[in-house]
Amino acid sequence: MALWGKGDARWIVEEREDAKNVNNWHWSEVDASTPSKKFFKEKFLALTATGTEGSVRVSEVTKCEGEASVNNRKGKVIYFFEWDIELKWCGKTATSNDNITGKVLIENVSEENTEDEVDISTRQNKNGNEHTKLHQMVKSQLVPKCREIIGDYIKYLQVEHGKQVILPTKKGEGINSQPGKPKATAPVNSIKQKMAETVISSKNKPTENADHKRVDVNLSDCFKCRVDDLFQCFINPDKMKAYFNGAAEVDPRESGKFSKLGGMITGTYLEIQPNESIQLHWRFNDWPGDMYSSVTLKFKDTGSSTELTLSQVGVPQYSVDQIKSGWYKYYFNAIKRTFGYGSGTL
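The following refers to the structure shown. Computed from a predicted structure; not experimentally measured.

For the rest of this paragraph, the subject is the overall build of the chain. Summing up its helical and strand segments, the chain has seven helices and 13 strands in all. In the chain, buried positions account for 46% of the 346 residues. Put simply, 59% of the contacts in the chain that link residues at least 6 apart link residues at least 24 apart. In the structure as shown, the chain presents an accessible area of about 18200 Å², 48% of it carried by carbon and sulfur atoms.

Attention shifts here to helix H1 (residues 33–44). When the terminal C-alpha atoms of H1 are compared, their 16 Å separation across twelve residues agrees well with the 16 Å that a helix rising 1.5 Å per residue should span. Within H1 the residues assigned to the buried category are Ser33, Ser36, Phe39, Phe40 and Phe44. Viewed end-on, H1 has its buried residues packed into an arc of 115 degrees, placing them on one side of the element. Exposed residues lying more than 90 degrees from the buried face of H1 are Thr34, Lys38 and Glu42.

On to the pairing of strand E7 (residues 214–223). Burial of the side chains of E7 is restricted to one face: Val215, Val217, Leu219, Asp221 and Phe223 are buried, whereas none of Arg214, Asp216, Asn218, Ser220 and Cys222 on the reverse face is. Looking at chain direction, E7 and strand E13 (residues 306–316) are connected through nine bridges and run antiparallel. Across the sheet, residue Arg214 finds its bridge partner in E13, namely Pro316.

Secondary-structure assignment places Lys260 in strand E9 (residues 257–260). Buried charge Lys260 goes without a salt bridge, the closest partner of opposite sign being Glu249 at 12 Å. Ignoring sequence-local partners within four residues, the contact set of Lys260 consists of Met240, Phe244, Ala247, Ala248, Val250, Ile265 and Tyr331.

What follows covers unusual backbone geometry. For Asn108, which is not glycine, the phi dihedral falls at a positive 60 degrees. Note on placement: Asn108 falls in strand E5 (residues 100–110). The phi dihedral of Asn275 is positive, around 60 degrees, even though this residue is not glycine. With respect to the helices, strands and loops of the structure, Asn275 is situated in the loop between strand E10 (265–273) and strand E11 (277–284).

This next bit is on the sheet that holds E10. Sheet architecture is open: seven strands sit in the order E7-E13-E12-E11-E10-E9-E8, paired in antiparallel fashion. Where the open sheet ends on each side, the last strands, each with one partner, are E7 and strand E8 (248–250). The mean angle between the axes of side-by-side strands here comes to 20 degrees, regardless of whether they run parallel or antiparallel. Inspection of the sheet shows E9 paired to E10 by four bridges, in the antiparallel sense. Along E10, the bridge assignment pairs Phe258 with Gly267. Sheet strands touched by helix H7 (residues 320–339): E7, E9, E10, E11, strand E12 (293–301) and E13. Its angle to E7, the strand with the most contacts, is close to 20 degrees.

The next point concerns the pattern of salt bridges. Following the criterion strictly, the structure yields seven salt bridges and no others. The partner of Glu130 in a salt bridge is Lys133, and the shortest N-O contact between them spans 3.9 Å. Of the two residues, Glu130 and Lys133 both sit in helix H2 (residues 129–165), three residues apart, roughly one turn of that helix. Taking the shortest distance from any N to any O, the salt bridge between Arg253 and Asp251 comes out at 2.9 Å. Taken together, the shared-partner salt bridges in this structure form one network comprising Glu53, Glu130 and Lys133.

In this section: the side chain of Thr101. Its location among the elements puts Thr101 in strand E5. A relative accessible area of 15% places Thr101 in the buried class. Among the polar contacts listed, one links the side chain of Thr101 to the side chain of Asn125, at a separation of 2.7 Å. With residues up to four places along the chain from it excluded, the contact list for Thr101 reads Lys88, Trp89, Cys90, Gln124 and Asn125.

Moving on to the pairing of E5. Of all eleven residues in E5, eight are buried, a share of seventy percent or more. With six bridges connecting them, E5 and strand E6 (residues 119–124) associate as antiparallel partners. Within the sheet, the bridge partner assigned to Glu107 lies in E6 and is Asp119.

As a further point, take a negative patch on the surface. On the surface, Glu29, Asp31, Glu65, Glu67, Glu82, Asp84, Glu107 and Asp119 cluster together into a negatively charged patch. Those elements that place two or more of their residues in the negative patch are strand E1 (28–31), strand E3 (54–73) and strand E4 (76–93). Structurally, Asp84 can be placed in strand E4.

Taking 1.5 Å as the rise per residue, H7 with 20 residues should run 28 Å; its terminal C-alpha atoms sit 27 Å apart, in good agreement. Along its length, H7 shows its largest kink, about 35 degrees, at Asn333. Among the residues making up H7, those that are buried are Val320, Ile323, Gly326, Trp327, Tyr331, Phe332, Ala334, Ile335 and Lys336. Of the residues trailing H7, Gly340 is marked for its positive phi of about 70 degrees.

Moving on to the packing of aromatic side chains. In this structure the tally under the stated criterion is 25 aromatic pairs. Here Lys260 stacks its cationic end above the ring of Phe258, 4.7 Å away from the centre of that ring. Geometry around Phe223 places Lys336 over its ring, the cationic atom sitting 5.1 Å from the centre.

Criteria and thresholds
- Residues numbered from 1 in each chain as written.
- Predicted model: local features only at pLDDT ≥ 70, side-chain atom pairs only at ≥ 80, totals over all residues.
- Heavy atoms only, no water.
- Helix = DSSP H or I, 4+ residues; strand = E, 2+ residues; numbered from the N terminus.
- Buried < 20%, exposed > 50% of the residue type's maximum accessible area, 1.4 Å probe, protein only.
- Contact = heavy atoms within 4.5 Å.
- Areas by Shrake-Rupley, 256 points an atom, 1.4 Å probe, with all protein chains shown as cover.
- Expected span 1.5 Å × (residues − 1).
- Arc of directions from axis to C-beta.
- Pairing = 2+ DSSP bridges.
- Lys, Arg positive; Asp, Glu negative; His and termini not counted.
- Salt bridge = Lys/Arg side-chain N within 4 Å of Asp/Glu carboxyl O.
- Axes fitted to C-alpha atoms, helices over the stretch in contact; angles between N-to-C directions.
- Polar contact = N/O pair within 3.5 Å; in protein donor to acceptor, adjacent residues only side chain to side chain.
- Patch = residues over 30% accessible without salt bridge, like charges linked within 9 Å, V, L, I, M, F, W, Y side chains within 5 Å.
- Charge placed at Lys NZ, Arg CZ, Asp CG, Glu CD.
- Bend = angle between axes of the 7 residues up to and from the residue.
- Phe/Tyr/Trp six-rings, centres within 6.5 Å; stacked < 30°, edge-to-face > 60°.
- Lys NZ or Arg CZ within 6 Å of the ring centre and 35° of its normal.

Written out as structure tokens, the structure is:
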């Protein structure tokens, strides 16, 4: 037994009048599975998307299997969760009153994956032009929103359940005032570091709390080449490495990842329509961790050249100039210079 006044300060009961888990030293755990299911259902059932082709919405959460727990050990909060989710979507096109349906499958939702690494695939229940139109809307609009919900879920665990395992001391210290900073060895965009930054540190990056105005960017350019030649410049790894001088890692398939310019640009291929269009989930590495934009590239054969139009939705206003100059410098002009598509004949 320690002498009076010389015991380990971490065990001094006077730190808490009720003597519960002094200085949050002992293991404690909260089962967050049931409230997590409620969170997912409320968030996903609120998803809608509209456009010139029609409108779609999530009508049912048909599957939500998994578990979540929040633990405390020695004043540190640890999260464990793993979920597989299936959604039913339905909608109508502008030219038909038929009720069109399909599925969204969300897999591998866990503390090991960022929201951008979660596997999300989509299905349409029937074939047909009207069904395909709404399916494309699901891919381009609902899937990015699903990823945002996964990111929000991480914050939800931190705020709503992390505080239940970190009891306040006599100084009022709780989950939002734990000292220390996350370890520098954690990946920049990893879920574990996001948790550490929010739970362990009392300071957040200013960019993560700022209210950034989001705008759209629209660009176009013409290339002296066939449509299929230009299209390959955006999906062929060898061609991309050629005009990026090797600084490109791509997996050119739907749900495939890409990283360019040493990780300056990252994202996911959402949809690839050969020689017609490409849709991307796209971000700069200096944007806040939960901020992404949606990029649509459309290719058109004009006879004498190929016209490329670009629409990028959800760009923070402070990045607009950088975005515009970057597309021309690293993509459009680089492609013309590398493959000679800026002049000559087809």
